[in-house]
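# Descriptive structure summary
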Amino acid sequence: MTVLVTGAAGFVGSHVVRQLLEQNKDVAALVRPGSPRPRLHGVEARIQILEGDLQDTETIAALLDETKPEACIHTAWYAEPGKYLPSPKNLDSLRASLRLLEELARAGCKHVVGVGTCFEYEMADKPLREDSPTKPFTLYAASKLAFMLVAAQRAPQLGMGFAWARLFYLYGPYEDDIRLVPAAIKALTEGREFKASDGAMVRDYLHVADVASGLCAVSEQRLEGAFNVCSGEAATIAGLMQTLGELLGRPELIRLGAFPKRDWDPMYVCGVSSRLRTEARWSPRYALREGLANMIEWCKGAT
């Protein structure tokens, strides 16, 4: 059985590829033509690389006709750090994803896992469940939710199962350097101050390897519906920063309160992962402290 992973050279997609290989799956990895693939270093020889842009429907159709994947984990989406939340390119990703769904069905695919975001939900001061109200406040989240709503109706008409995995906050190896955790690790490792907000905001962080194992579990068991892929554990940004400082032996370099809170940033984002744990029989490998230690070790080896 071949599993297609779209966005396979990305942060989440590359970890999904590695997780599938650990499970001895045949993996077809869809990547943009000519794009760099450092996140797939060491595993490219073990997977089938498919070069194609999701905007190019004819090429995608031909690749799927050749590969005939039985399942697909669709992680591809426009996600350029610092730019993706309001970008109209989200609409391109939405249109391409809807076309992909049709082409997958035509090629005989039986199950699709789409990847969404916790920001599809209406933010609240309590943990978010799969049946919590939705109210996206960015074009990115609105486009993700739109795809989920259409695909949940269309996939059964096409004879496919469909699951939607809403990711919360994630971190881990191969994360973009400008994001919070790798940026803090780099600064503290180099002996520089790291400036942050007051750290009062509460977040639900999950190691990317555990995110990948959750997506693979949903795919393997052909589950349907929405799933929160999260730790279910609330942690303050201040606590996360302090943990990194302790692990790196430089807690005095953390400067909480140096930056003001962003007006649009919610104070509380935490999820309930009981459905994933129960139906997919999934559990995370890493608690937050152990996951951050793993990330630190990876960063040391990557420099």
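As a starting point, this report considers the structure included with it. (Residues numbered from 1 in each chain as written. Predicted model: local features only at pLDDT ≥ 70, side-chain atom pairs only at ≥ 80, totals over all residues. Heavy atoms only, no water.)

## Section: the nonpolar core
- Counting 38 residues, the largest nonpolar core has Val12, Val16, Val17, Leu167, Val211 and Leu215 as its most contacted members.
- Secondary structure elements with two or more residues in this core: β1 (2-6), α1 (11-22), β2 (26-31), β4 (71-74), β5 (111-117), β6 (161-167), α6 (208-220) and β11 (225-229).
- Element by element, the count of residues in this core is highest for α6, at seven residues.
- In contact with Val211, not counting residues within four places along its chain, are Val12, Leu167, Leu170, Leu206 and Val229.
- Within the second largest apolar cluster, 32 residues are counted, among which are Tyr84, Leu94, Phe147 and Phe162. (Core = buried A, V, L, I, M, F, W, Y, C linked by side-chain atoms within 4.5 Å. Buried < 20%, exposed > 50% of the residue type's maximum accessible area, 1.4 Å probe, protein only. Helix = DSSP H or I, 4+ residues; strand = E, 2+ residues; numbered from the N terminus. Contact = heavy atoms within 4.5 Å.)

## Overview of the pairing of β4
- With burial as the criterion, each face of β4 is covered, one bearing Ala71 and Ile73 and the other bearing Cys72 and His74.
- The pairing of β1 with β4 spans four bridges and is parallel. The residue of β4 that forms the bridge with Thr6 is His74.
- Two strands pair when backbone bridges link them, and β4 and β5 are joined in this way by four bridges, in the parallel orientation. Residue pairing in the sheet places Cys72 in a bridge with Val112 of β5.
- The handedness of the β4 to β5 crossover, carried by helix α3 (residues 89-106), is right-handed. (Pairing = 2+ DSSP bridges. Right-handed = clockwise from strand over helix to strand, strands pointing away.)

## A word on the sheet that holds β1
- The sheet built from seven strands is open, its strands ordered β3-β2-β1-β4-β5-β6-β11 with parallel pairing. The open sheet has two free edges, formed respectively by β3 (48-51) and β11, since each of these has just one partner strand. Neighbour to neighbour, the strand axes of the sheet diverge by 20° on average, direction disregarded.
- Pairing analysis gives seven bridges linking β5 to β6, with the strands arranged parallel. The residue bridging His111 from the neighbouring strand is Gly161, located in β6.
- Each of β4, β5, β6 and β11 is contacted by α6, which is oriented at about 145° to β5, the strand it contacts most. (Axes fitted to C-alpha atoms, helices over the stretch in contact; angles between N-to-C directions.)

## Structural notes on the pairing of β11
- Most of β11 sits inside the fold, with four of its five residues counted as buried.
- In terms of strand pairing, β6 meets β11 through five bridges, oriented parallel. Bridge pairing links Ala163 to Gly225 in β11.

## Observations regarding the packing of aromatic side chains
- Overall, the coordinates contain nine aromatic pairs when judged by the stated rule.
- In this structure, Arg166 is placed above the aromatic ring of Tyr121, and the distance from its NZ or CZ to the ring centre is 4.7 Å.
- The positively charged end of Arg275 is found above the aromatic ring belonging to Phe227, 3.9 Å away from the centroid. (Phe/Tyr/Trp six-rings, centres within 6.5 Å; stacked < 30°, edge-to-face > 60°. Lys NZ or Arg CZ within 6 Å of the ring centre and 35° of its normal.)

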